[in-house]
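Structural characterization, general
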Amino acid sequence: MTEFWLISAPGEKTCQQTWDKLMTATTRANNLSTNNKFNIPDLKVGTLDVLVGLSDELAKLDAFVESVVKKVAQYMADVLEDSRDKVQENLLANGVDLLTYVTRFQWDMAKYPIKQSLKNISEIVSKAISQIDNDLKARASAYNNLKGNLQNLERKNAGSLLTRSLADIVKKEDFVLDSEYLITMLVVVPKTNYADWQRTYETLSEMVVPRSTNLLFEDQESGLFSVTLFRKAIDDFRLKARENKFMLRDFQYNEEELKADKEEMTRLSTDKKKQFGPLVRWLKVNFSEAFIAWIHIKALRVFVESVLRYGLPVNFQAMLLQPNKKNMKKLREVLNDLYKHLDSSAAAIIDQTTMDIPGLNLSQQEYYPYVYYKIDCNLLDFK
C-alpha cells in the first residue's frame, strides 16, 4: 500500500497524549493502520490574513509540485524503457526509497530555513520546482527528437524489402556500374515464387543478360534478387515482372548516399548513448529534489491548516497513517469517532455521505473534523 494519510489533531494536555490515543484506536486494538509521528518544526506563524491566503496558494502549489514529481517519474520510466523494478530503484528521495523518506520525514533546515516566513518558504519551493519543470521540458524535447530520428532510421532498416533501406544489404560488386548500355536492377520476389523467377527471368523481356541473377538477401517473406539487362528494356521488363508478381525496386547504387545513411545511424546511436547517462542522473537528482519539496509542501499545509483550525498557541500533533488496504473504511469511521468533537459540521457532512442522499455529492470534498491530506507514493502510470 503506497497511500498515506497525513493528519493532525490538537494536543491534549500534551501532544504525546494525542499520539497515544490515535495509536490505541487504530493499531493496538485492531491493526487498521501503521502510524508514524510526522515532525514539523516550529515555523513562523505570521498573521491570520496571511495564513488564510497561504492556505489557497499552498493547495495550488501542492497540485503543481505533485504534477512535476509525476512527470519526472514517468519520464524516467520512458527513458529507461525497462521493467518497473529498474524505474523504482532510481526513484529515491535523499538516497532512500520513498516510503522510508515519508515515514521518517525530517524538515530540511538548509533548504527551507524556518527563520523565513511561511510565504518565503513556499516561494523557494515554487521557484525551484518551476525550474525543474522547465528543464525537464527542454531535456525531454532534445532527447525525444534524437530518439524519434533514430527510431525512424531503424524502421527504415527493418521494413519490407520493398521499402527498407538497402545500405546494409547491397555491395558495390552486386552491380554493373558506369555502363552506357547495361544496368543492374533489383527485384523483390516472394519466397513461394523463387522457382518461377529462376525459370522465367531471362525471358520476361528481350535483352536480359543470361544467368545474371543473384539472391542478395532474404527476409521471412521474400528475397531480393539482382538481374542485369539492357537499359532500353527496363520498361518492358518492369511490366512483365509485375504481371508475374515480381516487384522492381527503384534503386540507384550510390556509394556516397549509402555511406551517409550508415554514418547518420551510427551518429544518432552514439549521441543517444552519450545523452542517456547524464539524463538519467539528472532525472534521479531532480526527482529527489521535487519529491522532497512536495512532502515539505504537505508539511506546510498541515501546519497552516492546523493553526487555522485549532488556533494559537500552536499545539497539534501531525501523524502519518499508512492505512491497511482492507480496513480503509473502518479507519475513517474510527478517526471520525475519535475527532468528531473538533468540528460538528464536518461530522455532519460525513454522516450524510455515509447515508448516500440522492443528488447530494459531498464525498468528493474530503473534509473531515481533523486536518487531512493524502500522499500517494505510487507515481507511475504504467500502460
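For the structure, check the block above.
The structure reproduced in this document is the subject of the present report.

1. Examining the nonpolar core
- With 64 residues, the main nonpolar core has Phe 38, Ile 40, Leu 283, Phe 287, Phe 291, Ile 295 and Ile 375 as its most contacted residues.
- Those elements that place two or more of their residues in this core are strand 1 (3–10), helix 2 (48–80), helix 4 (98–103), helix 5 (118–156), helix 8 (255–310), strand 9 (316–323) and strand 10 (371–376).
- Looking at which element gives the most residues to this core, the answer is helix 8, with 18 residues.
- Excluding anything up to four places from it in sequence, Leu 283 contacts Val 72, Tyr 75, Met 76, Val 79 and Leu 136.

2. Focus on the sheet that holds strand 9
- Sheet architecture is open: 4 strands sit in the order 2-9-1-10, paired in antiparallel fashion. At either margin of the open sheet sits one strand with a lone partner, and together these are strand 2 (33–37) and strand 10. The mean angle between the axes of side-by-side strands here comes to 25 degrees, regardless of whether they run parallel or antiparallel.
- Pairing analysis gives 6 bridges linking strand 1 to strand 9, with the strands arranged antiparallel. Directly across from Leu 6, in strand 9, lies its bridge partner Leu 320.
- Along the sheet, helix 9 (residues 328–339) contacts strand 1, strand 2, strand 9 and strand 10; its crossing angle with strand 1, the most-contacted strand, is approximately 10 degrees.

3. Here's the deal with the pairing of strand 9
- Among the 8 residues that make up strand 9, 8 are buried, leaving the element largely enclosed by the rest of the structure.
- Of the two faces of strand 9, the one carrying Phe 316, Ala 318, Leu 320 and Gln 322 and the one carrying Gln 317, Met 319, Leu 321 and Pro 323 are both buried.
- The pairing of strand 2 with strand 9 spans 5 bridges and is classified as antiparallel. Looking across to strand 9, one finds that Thr 34 is bridged to Gln 322.

4. Things to note about the pairing of strand 5 (residues 182–190)
- Of all 9 residues in strand 5, 7 are buried; the element is thus mostly enclosed.
- Here strand 5 runs beside strand 7 (residues 222–230); their pairing, made up of 9 bridges, is antiparallel. Looking at the pairing, Thr 184 lines up with Thr 228 of strand 7.
- As judged from the 3 bridges shared by strand 5 and strand 8 (residues 247–249), these two strands associate in the antiparallel manner. Paired with Leu 186 across the bridge in strand 8 is Arg 249.

5. Some details on helix 8
- The terminal C-alpha atoms of helix 8 lie 80 Å apart, and with 56 residues this matches the ideal 82 Å at 1.5 Å per residue to within 8%.
- The largest bend along helix 8 reaches roughly 30 degrees and is located at Phe 276, with the proline Pro 278 sitting one to four residues downstream.
- Where helix 8 begins, one side-chain oxygen reaches toward the backbone nitrogen of Glu 256, 3.0 Å away; that side chain belongs to Asn 254.
- Following helix 8 by one or two positions, Gly 311 has its phi on the positive side, about 80 degrees.

6. Structural notes on the sheet that holds strand 8
- Strand order across the open sheet formed by 4 strands is 6-7-5-8, with antiparallel pairing between neighbours. Lying at the two open borders of the sheet, with one neighbouring strand each, are strand 6 (214–218) and strand 8. Neighbouring strand axes in the sheet, compared pairwise and without regard to direction, differ in orientation by 35 degrees on average.
- Sheet analysis places strand 6 next to strand 7, joined by 4 bridges and oriented antiparallel. Looking across to strand 7, one finds that Leu 215 is bridged to Phe 225.

7. Examining the packing of aromatic side chains
- Following the criterion strictly, the structure yields 18 aromatic pairs and no others.
- Ring geometry for Trp 107 against Tyr 112: centres 6.3 Å apart, planes inclined by 70 degrees, an arrangement best described as edge-to-face. Taken individually, Trp 107 and Tyr 112 each receive the classification buried, so the pair is uniform in this respect.
- Between Trp 197 and Phe 246 the ring centres are 5.2 Å apart and the planes differ by 85 degrees, which places this aromatic pair in the edge-to-face class. With Trp 197 in helix 6 (residues 194–200) and Phe 246 in the loop between helix 7 (234–243) and strand 8, this residue pair connects regions lying 49 residues apart in the sequence.
- We classify Trp 197 as buried; its relative accessible area is 0%.
- Arg 332 extends its terminal NZ or CZ atom over the ring of Trp 5, reaching a point 3.8 Å from the ring centre.

8. Here's the deal with the environment of Phe 291
- In this fold, Phe 291 is placed in helix 8.
- On the basis of relative accessible area, Phe 291 is assigned to the buried category, the value being 0%.
- In this structure, Phe 291 is in contact with Val 69, Ala 93, Leu 98, Tyr 101, Val 102, Cys 377 and Leu 379, ignoring residues within four places of it in sequence.

Each value, and the rule that gives it
Residues numbered from 1 in each chain as written. Predicted model: local features only at pLDDT ≥ 70, side-chain atom pairs only at ≥ 80, totals over all residues. Heavy atoms only, no water. Core = buried A, V, L, I, M, F, W, Y, C linked by side-chain atoms within 4.5 Å. Buried < 20%, exposed > 50% of the residue type's maximum accessible area, 1.4 Å probe, protein only. Helix = DSSP H or I, 4+ residues; strand = E, 2+ residues; numbered from the N terminus. Contact = heavy atoms within 4.5 Å. Pairing = 2+ DSSP bridges. Axes fitted to C-alpha atoms, helices over the stretch in contact; angles between N-to-C directions. Expected span 1.5 Å × (residues − 1). Bend = angle between axes of the 7 residues up to and from the residue. Polar contact = N/O pair within 3.5 Å; in protein donor to acceptor, adjacent residues only side chain to side chain. Phe/Tyr/Trp six-rings, centres within 6.5 Å; stacked < 30°, edge-to-face > 60°. Lys NZ or Arg CZ within 6 Å of the ring centre and 35° of its normal.

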